[in-house]
Amino acid sequence: MKRGLYTEVDTEKFLKKYVAIAKHRFVHTQRDAEAAARALGFPLVLKLISPGALHKSEVKGVRLVKNKVDFEHEYRDLVKIAKKKKLRLDGILVQEFVEGQYVLIGLKKDPVFGHVIVFGVGGVYTELLKDVAFRVCPINVKDAQSMIDELQMKELLYGFRGEKKANISKLKETLVKISKIPSKYPEIKEMDINPFVINHKRGVVVDARMKV
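Residues numbered from 1 in each chain as written. Predicted model: local features only at pLDDT ≥ 70, side-chain atom pairs only at ≥ 80, totals over all residues. Heavy atoms only, no water.

Engineer: Could you clarify how one ought to interpret the pattern of salt bridges in this entry?
Structural biologist: For side chains of opposite charge, pairing can occur when their charged atoms come near one another. This structure, assessed with the given rule, holds 16 salt bridges. Taking the shortest distance from any N to any O, the salt bridge between lysine 56 and glutamate 8 comes out at 2.9 Å. Taken together, the residues span a long stretch of sequence, with lysine 56 in the loop between β3 (44–49) and β4 (62–65) and glutamate 8 in helix α1 (residues 8–15) at a distance of 48 residues. Residue classification places glutamate 8 among the buried residues on the basis of a relative accessible area of 2%. (Salt bridge = Lys/Arg side-chain N within 4 Å of Asp/Glu carboxyl O. Helix = DSSP H or I, 4+ residues; strand = E, 2+ residues; numbered from the N terminus. Buried < 20%, exposed > 50% of the residue type's maximum accessible area, 1.4 Å probe, protein only.)

If you want it as structure tokens, here you go:
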């Protein structure tokens, strides 16, 4: 593998061999973005893709677009942000909007234990809540279940206050698959899938980055 930091587009291109990725199109012009929006349908998400902004939320580089009226404004605003912050703009990712619970799935290369898999609360609350579980890679389905049950947020996955239960089988399957990646690619130093969105039907990678 090529060494360095991988943007969301490059990381998801790598991950699609192993897990489901949210439907998306990577574009370089507003015209292509509009065509992608028509194909994917609203609501959708626009993302600024730049090696200088791997944490897109920190530069307000993620926009939920509910209709055609908002689309043009949000697209142009993302381009303006890249220029203002002097970021190299690789392009804009037009992505389907997926509802569900946000979880974090990550890989870390520990100097003592080797690769470990991390699972926990995803989205913007990851660093705040620090509700995570760790296991040495690779794991099996039983390990994946124990990681889920370790979390304080597990009730959200099991149908809290009338919500539909998440597809736990798909979540466990995904955790196991991700945990096996380092055995084939030991050069991976770090991978963050945040969020992986899981609902009662499916689970998909919605954002990801990687360091090799």
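Further notes follow.
Engineer: Would you mind going over the pairing of strand β11 (residues 208–211) with me for this structure?
Structural biologist: Remember that side chains alternate between the two faces of the sheet whenever the strand is regular. In this sheet, β11 lies alongside strand β1 (residues 5–6) in antiparallel orientation, the contact comprising 2 bridges. Paired with tyrosine 6 across the strands is methionine 210, a residue of β11. When strand β9 (residues 190–198) meets β11, the two strands line up antiparallel, connected through 4 bridges. The residue bridging isoleucine 193 from the neighbouring strand is alanine 208, located in β11. (Pairing = 2+ DSSP bridges.)

Engineer: What is the right way to look at the packing of aromatic side chains in this model?
Structural biologist: How two aromatic rings sit relative to each other is set out by the distance from centre to centre and by the angle between their planes. Taken as a whole and judged by the stated rule, the model has 4 aromatic pairs. Here the aromatic rings of phenylalanine 14 and tyrosine 18 are separated by 5.8 Å at their centres, their planes lie at 50 degrees, and the arrangement is tilted. Ring geometry for phenylalanine 42 against phenylalanine 71: centres 6.4 Å apart, planes inclined by 80 degrees, an arrangement best described as edge-to-face. On the criterion of sequence distance, the pair formed by phenylalanine 42 in the loop between α2 (30–40) and β3 and phenylalanine 71 in helix α3 (residues 68–84) is long-range, its members being 29 residues apart. Looking at phenylalanine 42, the relative accessible area reads 31%, which means it is partly exposed. Here the aromatic cluster, defined as three or more aromatic residues joined through ring pairs, consists of Phe14, Tyr18 and Tyr185. (Phe/Tyr/Trp six-rings, centres within 6.5 Å; stacked < 30°, edge-to-face > 60°.)

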